[in-house]
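Structural overview
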Amino acid sequence: MGRRLGAAIAALVVLTIVGIVLLWPSEDAEVPQVLVGSGVERLDVAVDSVEEADCIGAPDSPIKCVEIAFGLPEGESGSFILTPSVSTPVIEVGDRIVVANQGGIVEERFRYFFLDFQRDRSLILLVALFAGAVLLLGRWQGLRSLVALALSFVVLVGFTLPALLETGSPVWVAIVGSSAVAVITLYLTHGINHLTTVALVGSLLSLSVTGFFAWIFVRATSLTGLSDENGLFLISANEGVDLPGVLLAGMIIGTIGVLDDVTVTQAAVVSELHDVDPHMSRSRLYAGALRVGRDHIGSTTNTLVFAYAGAALPLLLLFTQAQLSLDTVLTSEIVAVEIVQALVGGLGLVSSVPITTALAVWVVGSHDHGSPPAGHAAPADHP
């Protein structure tokens, strides 16, 4: 059994590596700059003053604008004018912001404009708190999980995202990238053993189920990927991008992390039940672990659905304010995308429980050789 599992996982790793090599993006790929601020010099500055000023081009207007002044790294200073509107950010003295410097391509009064707030310090603090909490509770296993998370991010940024922009096979990119993430995450976090291998195989089989249903329902619901500005920006920057395929890829990638949690838990449940009663029949072992899996899958599916609902909350509020009918809201593409993602991911999660449980029972049961100790009878099976 161990040799067969080892051979299977070795073949999987080799196929994943071959897939990465074949789908690896070329270094000379050029993508047009379409996002605001992507084609100009970005400067990190601190706000020195915020003062009322006349709006550019309308000095006699009763509506007053705001002039934001800031210091530059070379000791010089700069400023820009903000016109008040519902989308204008509130900027105060001392705020750390990012401005764009257009240099000599425009008039001096239009040279700088606001891009964003600086968030590096706050995000670094949050990352440090998260890593500290994981290390405090998980210790060495927590450290391994953090390393696995960092390597998974490298796979996502270094391979998956560039390959999605360039290749004509986004689904294959998502499958190969997710397989690499699963191998790294599971083996680094939980070690190389039979149960981790079971969880890995269960995750990838369930991921195939997710990909299958995603492929069917992205086409059945005629999702185009053009329902929001992100898709429009993407297609304008790269006309060769397969937006429906990118939606498919997102559904696959978004499910892998939750699948790992479910499959690892199911493999561990089977192992614990077997340790409690090593002579339990495979049918009882499967039934007992499946009962635990039902409770787990109920809460996990609920989490997945509400995670997507939370991501779409501003949109749902907008539709609610517009007083559109429920069927109009739910069948509009921008909401239907979230529904398909949540339900397709849920189908993958539901399938992961029986698949992983059956694999774990098969593996654990195969290691149970011999008969009960002398003077002890094996417990009878009960329905």
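Attention here is on the structure that accompanies the text. (Residues numbered from 1 in each chain as written. Predicted model: local features only at pLDDT ≥ 70, side-chain atom pairs only at ≥ 80, totals over all residues. Heavy atoms only, no water.)

Note on aromatic pairs: each is described by the distance of the centres and the angle between the planes. Taken as a whole, this structure holds six aromatic pairs when the rule is applied. Centre to centre, the rings of Trp-24 and Phe-159 are 5.9 Å apart; their planes meet at 20°, and the pair counts as stacked. You can see Trp-24 sitting in the loop between α1 (2–23) and β1 (41–53) and its partner Phe-159 sitting in helix α2 (residues 120–166), a full 135 residues away along the chain. Judged by its relative accessible area of 3%, Phe-159 is buried. Here the aromatic cluster, defined as three or more aromatic residues joined through ring pairs, consists of Phe-70, Phe-80, Tyr-112, Phe-114 and Phe-117. (Phe/Tyr/Trp six-rings, centres within 6.5 Å; stacked < 30°, edge-to-face > 60°. Helix = DSSP H or I, 4+ residues; strand = E, 2+ residues; numbered from the N terminus. Buried < 20%, exposed > 50% of the residue type's maximum accessible area, 1.4 Å probe, protein only.)

Think of it this way: side chains of opposite charge can pair up when their charged atoms draw near. Overall, the coordinates contain three salt bridges when judged by the stated rule. Close ionic contact of Arg-96 with Asp-120 constitutes a salt bridge, the shortest N to O distance being 3.2 Å. On the criterion of sequence distance, the pair formed by Arg-96 in strand β4 (residues 96–101) and Asp-120 in helix α2 is long-range, its members being 24 residues apart. On the basis of relative accessibility, which here comes to 23%, the residue Arg-96 falls in the partly exposed class. One salt bridge connects Arg-119 with Asp-116, and the closest N-O pair in it is separated by 2.9 Å. (Salt bridge = Lys/Arg side-chain N within 4 Å of Asp/Glu carboxyl O.)

We now examine the state of the cysteines. Inspection of every chain in the model, using the stated rule, returns one disulfide. Disulfide partner of Cys-55: Cys-65, at an S-S distance of 1.9 Å. Residues Cys-55 and Cys-65 are joined by a disulfide whose S-S torsion is about 100°; by sign, that bridge is right-handed. Of this pair, Cys-55 sits in the loop between β1 and β2 (65–71) while Cys-65 sits in strand β2, and the two are 10 residues apart along the sequence. Judged by relative accessible area, Cys-55 falls into the buried class, the value being 11%. Cys-65 gets classed as buried once you look at its relative accessible area, which sits at 1%. (Disulfide = S-S within 2.5 Å.)

With six bridges joining them, β1 and β2 adopt antiparallel strand pairing. For Val-50, the partnering residue across the bridge sits in β2 and is Ile-68. Relative to strand β3 (residues 77–82), β2 is paired through six bridges, and the arrangement is antiparallel. Its bridge partner being in β3, Phe-70 is matched across the sheet by Gly-78. Here β2 hands over to β3 after five residues, with Gly-75 in that stretch at a positive phi of 90°. (Pairing = 2+ DSSP bridges.)

Counting through the fold element by element, Thr-255 comes out in helix α6 (residues 243–276). On the accessibility criterion, Thr-255 (1% relative accessible area) is buried. Once residues within four sequence positions are removed from consideration, Thr-255 is found in contact with Thr-210 and Gly-345. (Contact = heavy atoms within 4.5 Å.)

There is a patch of nonpolar side chains on the surface, built from Val-305, Phe-306, Leu-326, Leu-330, Ile-339 and Leu-343 and spanning about 560 Å² of accessible area. Where the nonpolar patch is concerned, the elements lending two or more residues are α7 (282–311), α9 (326–331) and α10 (333–366). Relative to the elements of secondary structure, Val-305 occurs in helix α7. (Patch = residues over 30% accessible without salt bridge, like charges linked within 9 Å, V, L, I, M, F, W, Y side chains within 5 Å. Areas by Shrake-Rupley, 256 points an atom, 1.4 Å probe, with all protein chains shown as cover.)

Spatial relationships are all this shows, so hold off on functional conclusions.
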